[in-house]
Amino acid sequence: MAKIGIYGGTFNPPHIGHIRAACCAVSALGLDKLLLIPDRIAPHKVMPVGSAAPQQRLEMVRLCAGDDPALEVTDMELNREGPSYTYQTVEALKEQYPGDSLYLLIGTDMFLTFLQWKNAEYLWKNATLGVFYRGQKDEVNAINRQKEEMEALGAKVILVENPVVDISSTQLRRLLAFDCASPFLAKGVYDYIRSNNLYGTGENYRNLPMERLESVVTQLLDPKRVPHVLGCRDTAVELAKRWGADETDAARAGLLHDITKVLDGKLQLTLCREYGIVLDAFFTKNPKTLHALTGALVAERIFGENEAVVSAIRSHTTGKAAMNTLEKIIYVADYMEPNRDFPGVEELRRLAYSDLDGALKLGLEMTLSLLEKQGSEISPESRDALAYLNKSL
Ligand code: FE
Ligand code: FE
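Because the structure is predicted, anything quoted here is derived from the model rather than measured.

A. Region of interest: the pattern of salt bridges. A complete count under the given rule lists 21 salt bridges for this structure. We note a salt bridge from K328 to D357, for which the minimum N-O separation is 2.8 Å. With K328 in helix 16 (residues 325–336) and D357 in helix 18 (residues 356–374), this residue pair connects regions lying 29 residues apart in the sequence. When salt bridges that share partners are traced, they join E214, R233 and D234 into one network.

B. Looking closely at the packing of aromatic side chains. One pass over the structure, following the stated rule, counts eight aromatic pairs. Taking the centre distance of 4.6 Å and the plane angle of 35° together, the rings of F114 and W117 count as tilted. Note on accessibility: F114 and W117 belong to one class, buried. Taking the centre distance of 5.5 Å and the plane angle of 10° together, the rings of Y205 and F303 count as stacked.

C. Quick peek at empty space enclosed by the protein. Tallied over the entire structure, the rule returns one cavity of 30 Å³ or more. Approximately 30 Å³ is the volume found for the largest cavity. Surrounding the largest cavity, F11, P14, H18, I19, L36, V61 and C64 form its lining. Those elements that provide at least two residues to the lining of the largest cavity are helix 1 (16–29) and helix 2 (54–65). Split by residue class, the lining of the largest cavity holds six nonpolar, one polar and no charged.

D. A look at the sheet that holds strand 5 (residues 128–133). On the basis of which strands lie adjacent, the open sheet formed by six strands has the order 3-2-1-4-5-6 and parallel pairing. Two strands in the sheet have a free side with no partner beyond their single neighbour: strand 3 (71–73) and strand 6 (157–161). Averaged over all pairs of adjacent strands, the angle between their axes in this sheet comes to 30°, without regard to strand direction. Looking at chain direction, strand 2 (residues 33–38) and strand 3 are connected through three bridges and run parallel. Note on strand 3: the bridge partner recorded for L36 is V73. Seen against the sheet, helix 1 touches strand 1 (3–9), strand 2, strand 3, strand 4 (101–106), strand 5 and strand 6 and runs at an angle of roughly 125° to strand 6.

E. Highlighting the layout of surface pockets. In this structure, the second largest pocket encloses a volume near 800 Å³. As for the second largest pocket, its lining consists of 27 residues, of which T317, Y335, T367, L370 and L371 are closest to the centre. The set of elements that each furnish at least two residues to the lining of the second largest pocket consists of helix 16 and helix 18. Its residues assigned to classes, the lining of the second largest pocket comprises seven nonpolar, 12 polar and eight charged.

Definitions and cut-offs
Residues numbered from 1 in each chain as written. Chains lettered and ligands numbered in written order. Predicted model: local features only at pLDDT ≥ 70, side-chain atom pairs only at ≥ 80, totals over all residues. Heavy atoms only, no water. Salt bridge = Lys/Arg side-chain N within 4 Å of Asp/Glu carboxyl O. Helix = DSSP H or I, 4+ residues; strand = E, 2+ residues; numbered from the N terminus. Phe/Tyr/Trp six-rings, centres within 6.5 Å; stacked < 30°, edge-to-face > 60°. Buried < 20%, exposed > 50% of the residue type's maximum accessible area, 1.4 Å probe, protein only. 1 Å grid on protein atoms, 1.4 Å probe; cavity = no way out; pocket = protein on both sides within 12 Å on 5 of 7 lines; lining within 4 Å. Points joined across faces, edges and corners; volume = space filled by probe spheres on them. Nonpolar A, V, L, I, M, F, W, Y, C, P; charged D, E, K, R; others polar. Pairing = 2+ DSSP bridges. Axes fitted to C-alpha atoms, helices over the stretch in contact; angles between N-to-C directions. Contact = heavy atoms within 4.5 Å.

Everything listed is a geometric property; what it means functionally is a separate question.
Here you go:
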């Protein structure tokens, strides 16, 4: 009696996290074979714009699996009409592998909502559940509760520890747009994506007209951040009018200033490595503050923005000594755009139109005192910025 694993997913695109998880499952569960099954349309998912076609996802999963004898890629869900329901896959595999035992591999999120799946009972009666988990404390408690509840119903659940590559396909698609995704993809998959211009890799984002820039940027941002970014753009343009800075540069810097904020600290570091940037001690210790630097790099290398725009993005979180007018404008606009709401914001808004340096100083002071209160490290550039203003005002 063979042990057959079932690992379905959208694989849009498949990345090294998927393959590592697959290999962990094969050894942890002693599988004879693991079937990788790209789904047609997951019942709970709307496919993002710019996604690969089903046949392309299948091809990429094949490339990703390589010639590992334990892995087999099947198009059984792609050939089925309508949404992919896992119970239908299990039904078909029971026929194909009579007498063998099936192991259904799922991630934590899926496991925690498993009882809401279509025909969940059929699934656990006919397959052992292999649940990937990362060993984080809060996660373990929730998983153990769910495991107990399901075992009480008669399910067989095995936890598969998975030292995951912490990346989602969504983040990966962004890294592809920023041209720094190769560490997360099998070489063959990366080449396939590029030669087929998938996920926007064939797009030329350099010097986009303003309207197109806005639409590209809003697609790459976390949707929750869009109002902030548009607010910052509008405020920057108003301040540019008031202080005689270039309005186009102000708008472009406002649009692009948080372009990489969606990436977590680890991915910020990946971007720097891929771009060949050596970081100073502060950034290495505080990768969360890196989005200004990586945003500037992306603005320059991917969007082809000019030096004024790039340097305004670069200094938007920390400030620096001797800032030029556009740099001050972006710093202040980011702080006071209409979606911001904190004690002191009205004073900042008033100052921004009467005394730009005063507004910048107030912003820096508020940030520094907040960081001090939180016990967070303060960037040397912020200290320089404030010292410079104190000297010159
Ligand atoms: Fe920011
Ligand atoms: Fe911002």
